[in-house]
Amino acid sequence: MKAKMIVDKDFTIGEVDKRIYGSFIEHLGRAVYGGIYEPGHATADEQGFRGDVLEMVKGIDVPIVRYPGGNFVSGYNWEDGIGPVELRPKRLELAWRTIEPNLIGLNEFVDWCRKANTEPMMAVNLGTRGPDEARQIVEYSNHPSGSYWSDLRVQHGYKQPHGIKTWCLGNEMDGPWQIGAKTAVEYGRVAAESAKVMKWVDPSIELVACGSSNLNMPTFPEWERTVLDLSYNEIDYLSLHQYYGNRDKDTANFLAQSMGMDSFINTIIATCDYMQAKKRSKKKIHLSFDEWNVWYHSNDADSHIEPWTVAPPQLEDIYNHEDALLVGSMLISMLKRADRVKMACLAQLVNVIAPIMTETGGAAWKQTIYYPYMHTSIFGRGTVLAPLVSSPKYDAKDYTDVPYLDAVAVHNEEAGEVTVFAVNRHLSESLPLEIDLRSFGDFRITEHIVLEHDDLKAANTKDAPNRVTPHTRGNAAKDNGGIQASLGKASWNVIRVKLA
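Residues numbered from 1 in each chain as written. Predicted model: local features only at pLDDT ≥ 70, side-chain atom pairs only at ≥ 80, totals over all residues. Heavy atoms only, no water.

Asks: Describe in detail the sheet that holds strand S19 (residues 405–412), supporting the description with residues and values.
Replies: Reading across from one edge, S2-S15-S19-S20-S25-S22 is the order of the 6 strands in this open sheet, with antiparallel pairing throughout. Of all the strands in the sheet, the pair left with one neighbour each is strand S2 (12–15) and strand S22 (443–451). With strand direction ignored, the average angle separating the axes of adjacent strands in the sheet is 20 degrees. Two elements, S2 and strand S15 (residues 383–385), share 3 bridges in a ladder whose sense is antiparallel. Each bridged residue has a counterpart across the sheet, and for Glu15 the counterpart in S15 is Thr383. Helix H10 (residues 321–335) rests against S2, S15, S19, strand S20 (417–424), S22 and strand S25 (491–499) of the sheet, and its axis sits at about 130 degrees to S20. (Pairing = 2+ DSSP bridges. Helix = DSSP H or I, 4+ residues; strand = E, 2+ residues; numbered from the N terminus. Axes fitted to C-alpha atoms, helices over the stretch in contact; angles between N-to-C directions. Contact = heavy atoms within 4.5 Å.)

Asks: Talk me through helix H8 (residues 258–279); I want residue IDs and the actual numbers.
Replies: With 22 residues, H8 extends 32 Å from end C-alpha to end C-alpha; this agrees with the ideal 32 Å at 1.5 Å per step. Here H8 has its buried residues at Ser258, Gly260, Met261, Phe264, Ile265, Ile268, Ile269, Thr271, Cys272, Met275 and Gln276. Lining the buried residues of H8 we find helix H6 (222–231), strand S10 (237–244), strand S11 (286–294), H10, strand S12 (341–347) and S19. (Expected span 1.5 Å × (residues − 1). Buried < 20%, exposed > 50% of the residue type's maximum accessible area, 1.4 Å probe, protein only.)

Asks: Provide a residue-level description of H6, including the pertinent values.
Replies: Of all the residues in H6, the buried ones are Trp223, Glu224, Thr226, Val227, Leu228 and Ser231. Contacts made by the buried residues of H6 are with helix H5 (184–201), strand S9 (206–209), S10 and H8.

Asks: So, the pairing of strand S4 (residues 64–67): which residues are in play, and what are the values?
Replies: Both faces of S4 are covered, namely the face carrying Ile64 and Arg66 and the face carrying Val65 and Tyr67. Pairing between strand S3 (residues 22–24) and S4: 2 bridges, direction parallel. Note that in S4 the partner of Phe24 across the bridge is Arg66. In terms of handedness, the path from S3 via helix H1 (residues 51–60) over to S4 forms a crossover that is right-handed. (Right-handed = clockwise from strand over helix to strand, strands pointing away.)

Asks: Describe the packing of aromatic side chains, and please don't skip the residues or the numbers.
Replies: A full pass over the atoms with the stated rule returns 16 aromatic pairs. When the ring of Tyr37 is compared with that of Phe49, the centres are 6.1 Å apart and the planes differ by 70 degrees; the resulting orientation is edge-to-face. Residue Tyr37 is located in the loop between S3 and H1, and its partner Phe49 is located in the loop between S3 and H1; the two are separated by 12 residues in the primary sequence. Assessed through its relative accessible area of 13%, Tyr37 is described here as buried. Of the residues examined, Phe49 reaches a relative accessible area of 1% and is grouped as buried. Considering the side-chain rings of Tyr67 and Phe109, the 3.9 Å spacing of their centres and the 5 degrees angle between planes classify their relative orientation as stacked. Placement of the pair is Tyr67 in strand S4 and Phe109 in helix H2 (residues 106–115), with a sequence separation of 42 residues. (Phe/Tyr/Trp six-rings, centres within 6.5 Å; stacked < 30°, edge-to-face > 60°.)

Asks: Which residues make up unusual backbone geometry, and what values go with them?
Replies: Geometrically, the link from Tyr67 to Pro68 is a cis peptide bond, its omega value of 0 degrees lying close to zero. On the secondary structure map, Pro68 appears in the loop between S4 and strand S5 (91–93). Here the amide bond leading from Ala347 into Gln348 is cis, since omega sits at -5 degrees, within 30 degrees of zero. Within the element layout of this structure, Gln348 appears in the loop between S12 and strand S13 (356–358). A positive phi angle is found at Glu172, which is not glycine, with a value near 45 degrees. Residue position: Glu172 is located in the loop between strand S8 (166–169) and H5.

Asks: Describe the packing of H10 against helix H11 (residues 370–379), naming the residues involved and giving the relevant values.
Replies: Look at H10 against H11: their axes get within 8 Å of each other, and the N-to-C directions meet at 30 degrees. In terms of axis orientation, H10 runs roughly parallel to H11. Crossing hand, H10 versus H11: right-handed. In contact with Ala324, Val327, Gly328, Leu331 and Leu335 of H10, H11 contributes Pro372, Tyr373 and Thr376. (Parallel < 35°, antiparallel > 145°, perpendicular 65-115°, else oblique. Left-handed = near helix turned anticlockwise from the far one by under 90°.)

Asks: Before we move on, could you go through a nonpolar patch on the surface and cite the residues and values that matter?
Replies: A contiguous nonpolar patch, built from Leu92, Leu94 and Trp308 and spanning about 310 Å² of accessible area, is present on the exposed surface. Take Leu92: it is sitting in strand S5. (Patch = residues over 30% accessible without salt bridge, like charges linked within 9 Å, V, L, I, M, F, W, Y side chains within 5 Å. Areas by Shrake-Rupley, 256 points an atom, 1.4 Å probe, with all protein chains shown as cover. Salt bridge = Lys/Arg side-chain N within 4 Å of Asp/Glu carboxyl O.)

Printed below as a string of structure tokens:
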């Protein structure tokens with residue numbers, strides 16, 4: 001059993017938009033309260049933001065963070081989260097059946113983003129509200145001064161506009177679970193009208209329309225076709241959401257799920273391109289995969305949560321090694337379509353189906369999925385190359401001809417580097433890999449990072465935060481102008497090359 005990968009510098013897919021490594025903070029569970037914000041914590045700053053969490057977020061170099069939801073946004077009045085904190089109302093939060101105290105709102109989140117070296121991606125409520133609210137929040141956020149909403153921002157202590165450039169037009173509006181759920185026609189119309197007035201306030205912003213909530217929605221991809229037909233000229237991106245889980249305890253099938261993600265992305269691209277042809281438009285719609293992850297571990301625990309409490313521990317999946325492997329493959333899937341997937345948000349960032357976990361009043365630690373996310377964000381900047389890959393394959397329950405090798409390469413010309421990201425899906429055998437890099441000339445291998453563990457169910461916890469961590473003992477070696485490596489069973493690999 002052996003795999004081969006030919007990488008040529010002239011065979012490119014597209015430039016990586018750094019926003020593909022974005023994430024998501026929703027007013028849900030302990031993502032905000034007890035996650036990024038915990039006054040009184042030993043590491044908290046003057047605004048109550050946890051310093052240990054900030055450092056872990058900076059370690060990933062997250063370029064953009066979606067906020068404030070998610071399902072939460074479809075019943076949210078953004079005005080509740082501005083002005084003096086002591087005057088803000090407490091609300092019944094219907095999406096997750098909690099109490100929202102509104103201690104953190106738009107301005108505080110922007111402050112946190114600046115501290116985390118990231119940019120906000122704001123979502124507007126198109127569930128219970130519409131174009132009027134949408135234009136007002138853009139005015140409050142981005143207009144310099146001299147109008148009601150911009151002057152109110154100045155009054156609240158923010159003289160300079162926030163300059164928020166990326167906005168989501170609602171969230172999962174096709175879902176019956178969504179407050180104010182809509183048909184494709186209803187949503188397409190309100191999205192177009194909201195987009196129109198938002199861009200009248202600030203023509204520089206970019207807008208993301210809601211695609212299907214997942215690839216199993218009964219209206220997929222007709223939803224996309226209808227929404228694009230009604231809003232094509234007003235929007236810039238179309239969203240995709242998808243989560244996976246190993247409920248059947250079939251790891252071989254679980255690790256093949258990224259093939260479904262490949263198909264999902266390709267179907268949306270085809271739909272966008274069909275609508276471009278229909279519209280005779282010069283504009284190409286790009287994709288924002290602004291919710292994606294593994295999510296299933298917490299489902300039973302969530303069913304026992306007492307309603308109407310503040311920040312209960314919801315959706316707190318504890319991720320294991322096999323989850324990290326699929327997250328790595330999902331990142332590879334998006335990189336393989338970097339020509340069209342320009343933004344993505346790992347959902348979510350802290351505590352809620354997240355790479356970072358915290359204990360209230362205590363420690364923060366990195367989950368297994370933190371590592372492939374960090375590696376791709378740090379080392380996956382540049383141009384994605386189109387490799388020729390040959391690999392032995394297997395058949396799984398949902399997919400046939402699943403390659404054991406899942407891999408992609410990124411060329412950072414400015415840094416003079418090539419990085420190969422690779423997953424060996426084989427559960428019991430290592431995979432010899434030959435990488436042909438001859439088009440790049442001379443090079444040296446700087447690092448072969450490996451994430452592996454004998455126990456696929458091994459996880460990092462508060463008491464064992466380093467049980468599953470990467471090492472640099474990979475055996476990639478230069479050989480006749482190429483690379484020979486052995487990818488350990490069920491492993492995530494990062495092979496870094498410095499060009500001469």
